[in-house]
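Now for the letters of each chain:
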Amino acid sequence: MPTRQLVRAYVDETGDRGISASASPYFSFAAVLIADEQEAAMRAAMSQLRRDLKVPPGKALHWKDHVKVFSRRQYVAKTLSQLSDIKIVYVIVEKAAIPAHAGMRQDQVIFYNFAAGIILERLLLAAGDWAGGARDVVVKFGHVRGFDHRTTCDYFKIKTHQGPHWVPWHLLCGQPTFEDQAKWDGLQAADQYAGMLSAAVRPDRFGGYEPAHLLAIRHQIRRTALGVSRNYGFKILGNEATFTSLPWWPQGGL
């Protein structure tokens, strides 16, 4: 059989895994999938952003540290929106909707690994549906400080053997790895896309939302041939009405 082309996937998170009143209302993964032949263009864009935003050499571009104000966020979104052969996948967990008896509510390891498994499924489905034919996918997650990712790797191995069967597990090239964000432009790009989502769905202290950046990259979100992103590029684990009732939510869906 001919060798399949490659797509590279980079995954970062936003929000925390806590359930307390002081914790974030959502925990989300943002994934950037980019065709291998377009990797250089993405890296060039990230290098330009680090230069223009005066990120110190050797440091990662972080949304929360370097992209705090609207003008910077607008510039980042505009720059990334111009990348081609790229798909964005979001998985967002609404903590208030987690059942009281669920292990996710009691154990942060279960919480993280379950959500990571959902995003991994979506990455493989995206690779299987890639324009021009299915591709193998290499997956890198941002390393979470203080978290034992060996448990995540073990969970992924269970999923690859037990299913669900409709996920093309054979497209996974090696095992996902957990990496230092500063070493990978793709992880820094995923951090930016995660920040755009957070700004859009989490109100500021005055109750306002900042959806402009997410809407600027809306065309990059994975969707069906009919243009539907729900359950494709935007997977909600929770109450859909929490998001579809947001004042900025597009009439036809994200």
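Residues numbered from 1 in each chain as written. Predicted model: local features only at pLDDT ≥ 70, side-chain atom pairs only at ≥ 80, totals over all residues. Heavy atoms only, no water.

An unreviewed UniProt entry lists the protein chain under the name DUF3800 domain-containing protein, with Streptomyces sp. 900105755 given as the organism.

1. As for the side chain of Q181
Which entries qualify depends on this criterion: Each helix is a run of H or I in the DSSP string that is no shorter than four residues. Each strand is a run of E no shorter than two, and both are numbered from the N terminus. Buried means the residue's accessible area, taken with a 1.4 Å probe over protein chains only, is under 20% of the maximum for its type, while exposed means over 50%, and partly exposed covers the values in between. Side-chain atoms alone can form a polar contact between residues adjacent in sequence; in general such a contact is a pair of N or O atoms within 3.5 Å, and within protein one must be able to donate a hydrogen while the other accepts it. By definition in these notes, contact holds between two residues if any of their heavy atoms fall within 4.5 Å.
Residue placement: Q181 occurs in the loop between β5 (177-179) and α7 (185-201). Judged by relative accessible area, Q181 falls into the buried class, the value being 10%. In this structure the side chain of Q181 is engaged in a polar contact, spanning 3.2 Å, whose partner is the side chain of D12. In this structure Q181 touches D12, A60, L61, H62, L187, Q188 and D191, once residues within four positions along its chain are discounted.

2. Some remarks on the pairing of strand β4 (residues 136-142)
Cut-off, in case you're wondering: Strands pair, by our definition, only if DSSP identifies at least two bridges between them. By convention, a crossover is right-handed whenever its connection, traced from the first strand over the helix to the second and viewed with the strands pointing away, goes clockwise.
Of all seven residues in β4, seven are buried; the element is thus mostly enclosed. The side-chain alternation of β4 yields two buried faces, one formed by D136, V138, K140 and G142 and the other by V137, V139 and F141. Direction of pairing for strand β1 (residues 6-14) relative to β4: parallel, over a ladder of six bridges. Bridge pairing in β4 places Y10 opposite K140. Two strands pair when backbone bridges link them, and β4 and β5 are joined in this way by three bridges, in the parallel orientation. If you follow F141 over to β5, its bridge partner there is F178. This β-α-β element, β4 to helix α6 (residues 150-162) to β5, shows right-handed connectivity.

3. Some words on the environment of W184
Topologically, W184 is positioned in the loop between β5 and α7. Looking at W184, the relative accessible area reads 29%, which means it is partly exposed. Put simply, W184 and L49 are 135 residues apart on the chain and 14 Å apart in space, counted from C-alpha to C-alpha. If we ignore the near neighbours within four places in the chain, the residues touching W184 are Y10, K140 and E179.

4. With respect to the pattern of salt bridges
The following threshold applies: A carboxyl oxygen of Asp or Glu within 4 Å of a side-chain nitrogen of Lys or Arg is what we treat as a salt bridge.
Within this structure, the stated rule accounts for 13 salt bridges. A salt bridge links K159 to E121; the nearest nitrogen and oxygen atoms lie 2.7 Å apart. With a gap of 38 residues between them, K159 in helix α6 and E121 in helix α5 (residues 108-128) connect regions that are remote in the sequence. Residue classification places K159 among the buried residues on the basis of a relative accessible area of 9%. For R150, the salt bridge goes to D148, with nearest N and O atoms at 2.9 Å. Judged by its relative accessible area of 63%, R150 falls in the exposed class.

5. Remarks on helix α1 (residues 39-52)
Short version of the rule: For a helix, the expected span equals 1.5 Å multiplied by the residue count minus one. Throughout, the arc means the angular range of directions from the helix axis out to the C-beta atoms.
In this model, α1 (14 residues) spans 20 Å end to end at C-alpha, consistent with the 20 Å of a helix rising 1.5 Å per residue. All of the buried residues along α1 are E39, M42, A45, M46, L49 and R50. Burial along α1 is one-sided: seen end-on, the buried residues are contained in an arc of 135°. On its buried face, α1 sits against β1, β2 (26-35), α3 (70-81) and α7. Two residues or fewer past α1, K54 is found with a positive phi of approximately 60°.

6. With respect to the nonpolar core
One recurring pattern in soluble globular proteins is that nonpolar side chains are buried together. Counted only if it meets this: Throughout, nonpolar core names a set of buried Ala, Val, Leu, Ile, Met, Phe, Trp, Tyr and Cys residues whose side chains join them through atoms within 4.5 Å.
Ranked by internal contacts, the top residues of the largest apolar core, which has 42 residues, are Y90, Y193 and V201. Among the secondary structure elements, those contributing two or more residues to this core are β2, α1, α3, β3 (86-94), α7 and β6 (234-237). The element that contributes the greatest number of residues to this core is α7, accounting for ten residues. Excluding residues that lie within four positions of it along the chain, Y90 makes contacts with F29, A30, I119, Y193, L197, L214, I217, I221, G233, F234 and K235.

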